[in-house]
Amino acid sequence: MSLFLHEVAEILVPRRYQEEIFSRAQERNVIAALDTGSGKTYISTLLIKWIVTRDAGQGKICVFLVPKVALVDQQGDFIAKETGLRVSKRYGSTAIDMTDRRGWRTEIESHDVLVMTAQIFLNILTHSHWTIDKVSLIVFDECHHTRKNHAYNGIMREYFQESPDKRPKVFGMTASPIWNPKDAAESLATLERNLDAKVIAVREHVAELADHSPKPQEIIVEYAASPSLYPEYTSTGLWERLGLSELPPHIDIPIDKLQTRYDVTYHSLGPYGAELFLYHEIKHRIGQFTSHAESEMDYMTNMPYEALQDVELPPELQDMVTVLSHCKSWFEDEDNPDVVPTHIDLKWCSPKVIRLSQLLFEYYSPNFQGIVFVEQRHVAMCLSKMLPRIPPLELYFKSAQLIGHGAGNVQRSNTRGMALRTQKDVVEMFRSREINLLVATSVAEEGLDFPACELVIRFDPIQHMVGYIQSRGRARQKTAAFVVMVQQGQKSHVERYKAFSESEPHLKLVYQTRDEGNIPAPEEELEEGEEREDAYDHPDDLAERERYVIPSTGAILTYNTSIGLLNHLCSLIPRDRFTPVHLPQYSGEFESHLVLPSSLPLPPSDLSYTGPERRTKKEAKRAVAFMAVKRLHALGVFDDYLLPSRPTSGDNEDADGRVIADVSKLPETMEVVVRDPWTRGKKLWIHPVSLDGRTTAGLINGTILPPADLVDNGVYVSSSEASIVEFDLYDEWRQRRALEDFMRMGLWWCITGRGITLPLTCYLVPITSNLEVDWEVIYNAIAHPYGVSDWSAIGEEHYHRLIVTSSREFGRPLMLQRKRDDLTPMSVPAPGSRESSAATYYDYYKEKYTRKNLIPDIPTDGPCIEAKLFPRRASTTYALDGSCSDTSTSTEPSILHTYPQKLCRWALLSPPMYQTFKVLPALMHRLTDLYRARSARFELGLPPIIDDLLVQALTLPNANAGFNNQRLETLGDSVLKLCTVVHLYNRFPHRHEGQLDVLRRNSVSNRTLLSRAKEIQLEQYLTSEPQTMRVWRYTLPADSDLSVTEPRRWASRRIPKRSLQDCMEATLGASYATGGLSMALQAGSALGLSFGGTLPWRTRYGGKLPVTPTSPLFTEMQEIIGYQFKCGKLLAEAVTHPSFRSPDCSSYQRLEFLGDALIDLVVMTYLHNKFPAANSGQLSWARSRAVCAPALAWVSVNKMNLQRILLINNVELSMTMKKYVDVFGATSCQEIVSDGWKHDPPKALSDVLESVLGAAFVDMDYDFEKASVIVEHVLQDLLGVLSPNMPRDPVSELMVWSAKAGCRKISFRKSQSRLDIKKNDSISIIVHDFAVVGPITAANMSLAKGLAAERARQVLEDEESPHYLRRICDCDQQQLMPPLQAQELEVTGDAPLDARRLDDETEAGFAALALKVFTEVRGGSEPADDTVFEESVDDKEEEVAVLLGRLDDMEVDILAPGGQVAVFRMDVDSDGEDVALGSQPSAMNITTC
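These figures come from a predicted structure and were not determined experimentally.

A. Spotlight on the side chain of S592. Along the chain, S592 falls in the loop between β16 (585–587) and β17 (593–595). Not counting residues within four places of it along the chain, the set of residues in contact with S592 comprises Y586, S587, Y609, T610, G611, A620, K621 and V624.

Here it is as structure tokens:
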């Protein structure tokens, strides 16, 4: 590849001092102590490439660790660029969930280098996703952090647990290896012990290093002390006007902390800076109150900041809003929020700021870039806004703040950390010189790749040696200055700086000149506790520590990780916005007592722990946490990987520990083999067929078929038990051939109208009174396959009973009406008849059949006959309920046709025979369904599900059979949910709702269902063939070997893989509809689902609750539901909100989890039974209206008065509930069902209803029938207004409407109504790039979407509107949607779909969702284009026939009975009649397409 001169600078080559460090790193573990900007990361890439090459094929990885999130992408991108290796970059928000073991293993095994924050890698080791012996190299960036309780040190502790021969190589990088300059040698030795490495510096190429790492000029600049008053500043008196000193206690603003920060800012920046801080801080806190107030409102319109007075807030806050609005022009510029709106007079600033501005102006140059380091975030924010507005700095400087992410102790402050994206943007703007001045906290001291600055200023005093070295390293230009600002008279600050500056050369000598002897033996280093005063660990405490290793997995529990594990466990406990974060509670000093949240479903004895006595408070806290985690692991609360027991979509086991196979590689459309009874064999069986109780024919096949019956066109059809066909020993071949020929003849005359070449697999034949094959009739019939031309034996007794056809129209059967001896071909046609257009019948048919000057031979003498079109079968469908469904087709059944008798033939088929042929397609469809259903029931071990229900469950929508599995699938979905939930609730009594919900989702996911379906090979029992008579498919495949006599009872089909999970749920629904939940448990167990076995719940779980008294508080509620609880303690749990934190019982969350599933099934059962004609989409939508939170909250308040007995301990929740009691009192049941989306009541109102009903279900020993009665009674008002045709929510309605209209250029757009509230709360709707509605603001995004969609529909339908859809839409109106198969809308497993496809904020995503909703409204899945049965040659012939049926003057070869080829001409009459066929020499033959 060519390399140009200007590109050479972009290619990095190692400098000599880098090669020196690299060579020494190859020999042993080292810590490279090099200045900032000297290329330490490049040395690490050399080491990575060497290690990867050396350890190739060993399955090991390299790990590059960084201490800060912002460094992950920077270092990862550099390594990927320099090495070409596969680099994974992971930090908090991008890390895979620790519970996703498969995901982590895939991530690690598919990469060569992991670049991540240290805590992520420590978690990987702790939970045994990977082990330290499978790592070949660990690089520690900024490795001076490897001390005390830092994650770096935690990783190294695991390193020391491995034997030396299995440990990875260690490479540390730092510019400041010494923390404590007072004891440099010990500080260095500690770092070396902790990292098992030797600190080294450049020895041989020091001059080259100095040339690439120049030292800046260091300057001390003094400034005067800040005055107490600034007389030139016209103060707004903001503190006094806001009344902060007199705020009542219920206004949650920490005045003391606010006063401290205000004073610090006043001293550091001056009065304007202090009031600027106060303005933004108070505005942010009012915004938080406003968010809470908004969430209590049903809906609201778009509201600017100035209209905050309209939100219901406490009077004190309303006054603050007014004050802030008056001061806005003084402190905030909405057009440019990065600066203040006014010019800042230096008389408003502190001497410190004045001196800073002078320094900046003094050092400015056209290419200036500089950094000002401050200690506190709020100072950085204010100073960055002020500096560009100080004359004359505003002419030369553009500044921005750069602060860190975390803000644990100031999370409610306006100065909380920057988002990672914003931080990256600021760094990139500084690199690209869009800004030239950064005001930064310590986040900019180390690691981040900044351009070399010519000025670095320490605005606040330097606190430690590392900060001094790291910040100074940013001034890397050869003429750069490093300025330390010190207040006049502060000798201690000057002395500290001088100590750092003067000691640095001596400190470097410690590691530059010493001998590289053995590294001191590793010792346990001091750890940093949560409490700063307790950082010291007593040596005796360290000696008494334990280390707990899970033998089965290698996961490790230590004193250092136990507290974090408990915090993580508690953070996962579900809570609403009214419940504070759950945390472990510690008390005591040197003997710590631990109490876990009562929301953990554990016995009281396992919620409280007292630890051993220790010498320090911190160690006592660690010891009791260690004890608790060990006990919780024994209880199963933590799994064997020391993770909270909550399998996720990434797990490969279900809740019972059974492996879930990986189905992600299955194609969307699968080639499968299905059971098919239609076959030939050495043995054939005959099944008598009866019409209306009279045996008319026999159906012969190579499989013994089950008896079947159905009603077809008012005729009762049945088939009986089979008997073997006895062939003549010497004439068997002839007899088998006769069966084939007779069947072909019958099909040609009665069903297909064309010949079939492939071997047939079944035969309908005449039988004798002894139910044996009537060979005589068969031989006679096949001797005349095209009919008999001798009419001498035909009399009146044959009228309306004889099939005839014109020899010029073969394949078009007619039913004889009568002979007309009074007419001849030369007679004049009757007026009004179709033949009346000609003078005589002879003339009519001569003209009709003449083509290309070939005059047909039309008789001129003999009688005529009258006939009507014989109605042929159009499909094979039948009705499961036995109703009459006319499936025949006749284009003109009432029109009489008159033909010359000599031109016609009659078929040797008796009326019973052709009548049986007419019903044969439906009968064979029915027999196929029964054969598959009964095979499935027997082979899968299913319970005795009713045949019709199981047939329905196994029939896919694309079969177009007149029925499908969608209704049962919808019912089965609810059955699956309840059966799974009951099993999980009882199997895992110590897991909270959040853990149970993850287990449930994993157990009922499409991925699990698909995996289980493949395990039992469910696909072989499914019916997917389209039930049309387009082709006769009961034939052997074209590639069959006819010499093989073994029966072939299978056929190849193609089905969408999503159909398997649907059929799993539909089978459950069928079993439930047959025999209730007891049969559903049997079916679920047979299907491999996590139901806990087949034993009924009452037997399995009943009788375990103690009988305890019930509080009088619940008397009225028990009377309302009509049930008296036996276990009063259970009912108390059902009404205990998590905020109550009762020491006697857990919260209602587990019971709510159970009650939700109970209500879901009861409602779906009610709808399924009440509306038998409703499709699945209608059932699902009606259910969703009844079980949604607003509807259940309405019942909770209006029917049950549960808000009166709910045990809560949260004033805000109580007030919000009280408001909704009034709202629901004025809302009718019909309104809450129709417009529930407009309401957002507290979740506690619906939760408590679900938990009370769930508690009743448990209390009655899981008696579902009894529980169903109670649930229906409680919900009777809601159920009474449900119907299949309920209007949908506005968003769904808009999607359905847009899909029908064919518009594919619609999307939602989110926005923020106020910049101070950092969340989206507004929605606009964009149609063809026009914002037709919005932004509309509401309490939550769902409500905003609903309001916007409702308004958008009105605008788009309004012909007077400028945004009338037909006026602005130019989409193709003929195409419903863009090419998008329905299968792409299905989710298999839990892996989310490509967000771009189903994201309603994109046009393509909105269109895809619209198609999905439109399909659901129609009640079925869109059949995939390629979801068809295996095509045979007959399919191609059919396509040709259909194609030619639209053409004129064409001729085609048609296969006649027996496989003979007859040539026919095809013609379409001018009067629109059917195609006419004539026997003429062929000019063009078409046999295949």
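Continuing now.
B. Highlighting the sheet that holds strand β18 (residues 608–610). Across the sheet, which stays open at both edges, the 3 strands sit in the order β16-β17-β18 with antiparallel pairing between neighbours. Strands at the two margins of the open sheet, each flanked by one partner only, are β16 and β18. For this sheet, the mean angle separating the axes of adjacent strands, direction not counted, is 15°. The sheet contact formed by β17 and β18 spans 3 bridges and is antiparallel. Counted as the bridge partner of V595 is S608 from β18.

C. Broad picture of the confidence of the model for the protein chain. For the protein chain, mean pLDDT is 80; residues scoring 70 or higher make up 85% of the total. Ignoring residues within four places in sequence, the model shows residues 1–11, a span with pLDDT below 50, making 3 contacts including any to other chains. Long-range and interchain partners of residues 1374–1397, a stretch whose pLDDT sits below 50, account for 59 contacts in this model, where long-range means more than four residues apart.

D. Focus on the environment of L393. Tracing the sequence through the fold places L393 in the loop between α14 (377–386) and β10 (399–402). With relative accessibility at 1%, the residue L393 sits in the buried group. Between the C-alpha atoms of L393 and Y364, which are 29 residues apart in sequence, the distance is 9.4 Å. Every residue in contact with L393, bar those within four places of it in the chain, is listed here: S357, L360, F361 and L387.

E. Local environment of the packing of helix α26 (residues 966–987) against helix α29 (residues 1058–1086). It is at 6 Å that the axes of α26 and α29 come closest, and there the two elements cross at 65°. When the axes of α26 and α29 are compared, the crossing they make is left-handed. Counted together, Q966, L968, E969, L971, G972, D973, V975, L976, L978 and C979 of α26 and D1062, E1065, A1066, L1068, G1069, A1070, Y1072, A1073, L1077, A1080 and L1081 of α29 form the full contact between these two elements. Among the residues making up the contact of α26 with α29, the classes are represented as 14 nonpolar, 3 polar and 4 charged.

F. Highlighting the sheet that holds strand β36 (residues 1330–1337). Taken together, the 3 strands give an open sheet; going across it, the order is β34-β35-β36, and neighbouring strands pair in antiparallel fashion. At either margin of the open sheet sits one strand with a lone partner, and together these are β34 (1306–1311) and β36. Strand-to-strand twist of the sheet, defined as the mean angle between neighbouring strand axes without regard to direction, takes the value 20°. Most of the contacts of helix α42 (residues 1341–1357) go to β36, to which it runs at about 145°, and overall it touches β34, β35 (1322–1327) and β36.

G. Local environment of the pattern of salt bridges. A full pass over the atoms with the stated rule returns 58 salt bridges. Residues E109 and R105 are paired through a salt bridge, measuring 3.4 Å at the closest nitrogen-oxygen approach. Remark: R105 and E109 occur in helix α4 (residues 101–109); sequence separation between them is 4 residues, near one turn of the helix. By relative accessible area, R105 is classed as partly exposed at 33%. In this structure, the salt-bridge partner of E740 is R744, at a minimum N-O distance of 2.9 Å. With E740 and R744 both in helix α21 (residues 732–750) and 4 residues apart, the pair spans about one turn of that helix. The pair E740 / R744 is uniform in exposure class, with both members buried.

H. Examining the pairing of strand β26 (residues 803–806) more closely. Residues I803 and T805 line one face of β26 and the alternating positions V804 and S806 line the opposite face, and both faces are buried. For β26 and strand β32 (residues 904–906), the ladder comprises 3 bridges, and the chain directions are antiparallel. Looking at β32, one finds that S806 is bridged to C904.

I. Molecular detail of helix α1 (residues 16–27). In a regular helix each residue adds 1.5 Å, so 12 residues correspond to 16 Å; α1 covers 17 Å between its end C-alpha atoms and thus fits that length. Taken together, the buried positions of α1 are occupied by Y17, Q18, E20, I21, F22, R24 and A25.

Calculation rules
Per chain, the residues get numbers from 1 upward, laid out in the order the sequence is written. Side-chain atom pairs in this predicted model are given and counted only at pLDDT of 80 or more, local residue features only at pLDDT of at least 70, and totals for whole chains, interfaces and linings cover all residues. The side-chain numbers reported here are obtained from all heavy atoms of the structure, hydrogens and water having been left aside. Only DSSP runs of H or I with at least four residues qualify as helices, and only runs of E with at least two residues qualify as strands; both kinds are numbered from the N terminus onward. When checking whether two residues touch, look at their non-hydrogen atoms; a contact exists if any pair is within 4.5 Å. Strand pairing is assigned whenever DSSP detects at least two bridges linking the two strands. Only the contacting stretch of a helix is used when fitting its axis, a line to C-alpha atoms as for every element, and angles between N-to-C directions run 0 to 180 degrees. pLDDT runs from 0 to 100 and stands for how confident the predictor is about each residue. Buried residues are those whose accessible area, probed at 1.4 Å on protein chains only, stays under 20% of the maximum for their type, while exposed residues exceed 50% and partly exposed ones sit between those limits. Crossing handedness is read from the near helix: turned anticlockwise from the far helix by less than a right angle, it gives a left-handed crossing, and turned clockwise, a right-handed one. All residues other than Ala, Val, Leu, Ile, Met, Phe, Trp, Tyr, Cys, Pro, Asp, Glu, Lys and Arg, Gly among them, are scored as polar; the first ten of these are nonpolar and the last four charged. For salt bridges, the criterion is a side-chain nitrogen of Lys or Arg within 4 Å of an Asp or Glu carboxyl oxygen. Expected span, for any helix, means 1.5 Å times one less than how many residues it has.

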